[in-house]
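# Summary of structural features
One letter stands for each residue in the lines below.
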Amino acid sequence: MPVESSLPAALISLHTWALTEPLGCVLPLPINPILPGCCGCCSAFRPRYKRLVDNIFPAIPEDGLVKSNMDKLMWYAMNSPDKLDRIGDYLAHRLYRDINRRKMGYVIISMDALDQLLVSCHANTLNLFVESFLQMVQKLLESVEPTLQLRATQSFEKFANIREDTPSYHRRYDFLVSKFSSMCYSNEDDEVTRKQLRTAGIKGLQGVVRKTDWDNLGENIWLPTHMEKIVPSLLYNMQGNKSYIEGMTQTGDAPENHQTEGEKEPHELAEMCLRELVSRATHGKIHSVVKPLLIHLDQEGLWVSNCFAVQVFKILMFSIQVQYSITVIELIMTHLNEKNSEPAQIRTGIADVLSKIIPIAAGECIGPSVIDIINSLLEHIRSSVVGGTSGKEGSAEKVYQETLIHALGEYANHLPDYQKIDSMVFILNKVPGSDRVDDGGSTRPEAEIKLQHLLLKSLLKVGTKYTTEQYSKTFAQSFLVRLMRLSVSSDPEVRLTVQQILHTLIDRHQNIEKLTKPTLEVTRLGLTLGKPVRQDVNFWKKSGNELLLSIQENCEFANNTLANIEALYATLMLLLTEIRCDDVIVDILRVLFHIQGLAQGGAVSAVAAIQLHTLVASVMVVISHLVTTLKEHVSAVIKHRSDKAPHLLPELLSHYDSSLLHSSLPQELLFDNAKVLDLLTGTNLDEKRLNASVSSIMRRQSTAQHTSSAMDINSISVEVDSACSSPGLPRRSLEEEITFESLKKVLTESPEQKRKAEEERRKQITEAFMTESFEALVAKIQAKQPDTLQNKLTEIFNRLPPSCPPAQTTTAMSCDTAAGLTSTTSNYQLPYPDIYIY
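Before going into details, it helps to say that this report is about the structure given with it. (Residues numbered from 1 in each chain as written. Predicted model: local features only at pLDDT ≥ 70, side-chain atom pairs only at ≥ 80, totals over all residues. Heavy atoms only, no water.)

## Focus: the overall build of the protein chain
- A tally of helices and strands in the protein chain yields 36 helices and zero strands.
- Entry remark: accessible area of the protein chain is about 43400 Å², with carbon and sulfur atoms responsible for 54%. (Helix = DSSP H or I, 4+ residues; strand = E, 2+ residues; numbered from the N terminus. Areas by Shrake-Rupley, 256 points an atom, 1.4 Å probe, with all protein chains shown as cover.)

Encoded structure:
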């Protein structure tokens, strides 16, 4: 056919293509030697960037990108950055056309070209090119072909790792977040394809988070609308894996390098993405991450079997910035508040998660946040007790309460010691009945009794996490007073818990495990004795009588159980081993004789009397090892009991035959007070303290806020030499003149003679003050030394003008007349020695 006849046909074909293609499209026709005058001329007039773009596409798509032509296009784009937007538009145009024509090979080539241009070109005009790129990614994601979706995700992942020089104010990722999230839920029939799509969706979400977080002026990815799609998508891919359900996954800090070799499973990628998401969250953004997580766990019912929830929150706590970890705890506490009406199993699951992760954040708690968390846990315990039920639901509530107590203990375990003390004081102040003495006569509501038990268990849990160093710091006055009030409660379970709290706080050498049962074989216990410390001695002088008075009163209760008696034995033994002070031994001996008298007099039941006798014998054996002079007497009593009344020796039983000897025992079966007093005379112990009586009547009848310790008259020490601090009062002279003879007497006189002389002098003074009249004492003191204070008072009052009596209606007298008629002595004229001035 001649050339002239083929030209109209070619023009007709060109006209037909122009009518079918979109407006503005240019057909890239190769130069044909047959058509030198038309198409070759059209190609020469096309823009250079279009020609360069067209040249990167091979004739056969399977050949791939033409590398040499791609290098020319990249060189052109780098030297003419203002053309980047046009290059992007043209590539997008070709991509749309190839997708519509289902030429997938050319589509892949277009995306490869875009990827290389994005990586190589870093210019201020890259934003305009990116818009075309995102449109192409969106077009591929809208396709139903999994291959195109995977290719789009790969391109976007590369783009997400590029840090742009200038932020974008108008770019939005709403579609990408939605699409990538939906890919995470892929349900393709083919398992390989399903895994690839889910992996691509997770990587796409990771890329969106990175890109938007780097660009602070861009779209806020932390908005709830985005987080409500991202977080559940990640959790969905994690919850199906058995390692999270069985707790086999590693929840510690993840390695910094996330780009590890090999193909990762979807749940591994989801965990990496969740860690990265949480690590980028600041204080105001944590709520946006945790709230969707809590909602997802609610909707999926993952609280009852909460292994997955525990693992996820551990990942959360180890990935979050440490200063914000307490915010997660607060959000979980708030969520628990919202679930008050839910079944106990769900609340137990939430509380268990709290107990597992709360130690991680406890170290970052400072100031009021500590008390806030403890108060919130105690409030949940209280609300559970008040709204408690019975039956199966009641047992579930009990598990829930125990879980809260465990959470409280785990939280306190990671607090510094000073905050543990504050926490114990705060919990004790919340315990019902700690502000008053329980008289046992009034009936209390069952809910209040149960709440009292639970709060004391909470206090015990915190106490087990505390390490005591000095008793004066541990047992503050306000704390000890409230604890002692609860120690004499009419409820035996409360008394037992208080004794266990005392064991925890007193024991510093882990002796409590060896003192669970009374025994006579003390040497086999392997007890560790504390060293004498001045702070302990001062504490005992201040608060020792409070502790012993509590033990004494505990023995008097008729409803004591075997556990109560064993707890009292452990308390006495801990006091002996931990506080190495002579006064402790004497004071405990005094209490033991009181307990023996209580059992001997028949004031308690037969079982209680036998148990008390056994308690006394067990502690006396220990004291005999500390004070060797008592060993012979104690051994003799123990031998007589083993021969005639072995039931009065360990081991303790909960029930005894009522016909057994328990009261009005013969003297040989009892520890003799007088003999012990005589045996203590030659030692360093103050045997006079043994006769001091401690009455428990005042505690039970008192409702005052503070209870004073009982003291005997010999322990009172009054500073009488206070005249030097008062103006006008001379210092009192010494009672004995210091001479050579007096100093020689001090050096030669034996300590025993000096002690006896001092005791005799003190006895005479005490007897004089108790028997003689006030006037006789005044005369005796004035005879020894002049009463300067009284003389000074008389002088001051004499300088004052006489006071006029009240006016009378019938008789009018002047002040002088009234003064003349007054013959009685004024009160201030009575002698009052300064020894009575305190």
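Now, onward.
## Quick look at the nonpolar core
- L117, F313, I329, F475, L483, I588 and I623 are the most contacted members of the largest nonpolar core, which totals 204 residues.
- Broken down by element, this core gets its largest block of residues, twelve residues, from helix 28 (residues 606-626). (Core = buried A, V, L, I, M, F, W, Y, C linked by side-chain atoms within 4.5 Å. Buried < 20%, exposed > 50% of the residue type's maximum accessible area, 1.4 Å probe, protein only.)

## A short note on the side chain of H662
- Among the structural elements, H662 can be located in the loop between helix 29 (631-644) and helix 30 (673-679).
- On the basis of relative accessibility, which here comes to 18%, the residue H662 falls in the buried class.
- Here L660 takes part through its backbone oxygen, which lies 3.0 Å from a polar atom of the side chain of H662.
- Aside from chain neighbours lying at most four places away, what touches H662 is A599, A606, A609, I610 and H613. (Polar contact = N/O pair within 3.5 Å; in protein donor to acceptor, adjacent residues only side chain to side chain. Contact = heavy atoms within 4.5 Å.)

## Quick notes on the packing of aromatic side chains
- In the structure shown here, the tally under the stated rule is twelve aromatic pairs.
- Ring centres 5.6 Å apart and planes at 45° place the aromatic pair F156 and F180 in the tilted group. One end of the pair, F156, is in helix 8 (residues 146-160); the other, F180, is in helix 9 (residues 174-184), with 24 residues separating them in the sequence.
- Here F156 falls in the buried class, since its relative accessible area comes to 0%.
- Ring centres of Y185 and Y236 lie 4.7 Å apart, and the angle between their planes is 40°; on these two criteria the pair is classed as tilted. Of this pair, Y185 sits in the loop between helix 9 and helix 10 (191-214) while Y236 sits in helix 11 (residues 224-239), and the two are 51 residues apart along the sequence.
- Overall, the relative accessible area of 31% leaves Y185 in the partly exposed class.
- Members of the aromatic cluster, each reached through a chain of ring pairs, are F133, F156, F159, Y173 and F180. (Phe/Tyr/Trp six-rings, centres within 6.5 Å; stacked < 30°, edge-to-face > 60°.)

## Overview of unusual backbone geometry
- E651 follows P650 through a cis peptide bond whose omega is 15°.
- Looking at where E651 falls in the secondary structure, it is placed in the loop between helix 29 and helix 30.
- Notably, R102 is not glycine yet its phi reads approximately 60°, a positive angle.
- Along the chain, the position of R102 falls in the loop between helix 5 (84-100) and helix 6 (104-120).
- Here R102 falls in the exposed class, since its relative accessible area comes to 56%.
- Positive phi values are uncommon outside glycine, yet Q510 reaches one of about 55°.
- Note that Q510 resides in the loop between helix 24 (492-506) and helix 25 (534-554).
- Residue Q510 is classed as exposed on the basis of its relative accessible area of 57%.

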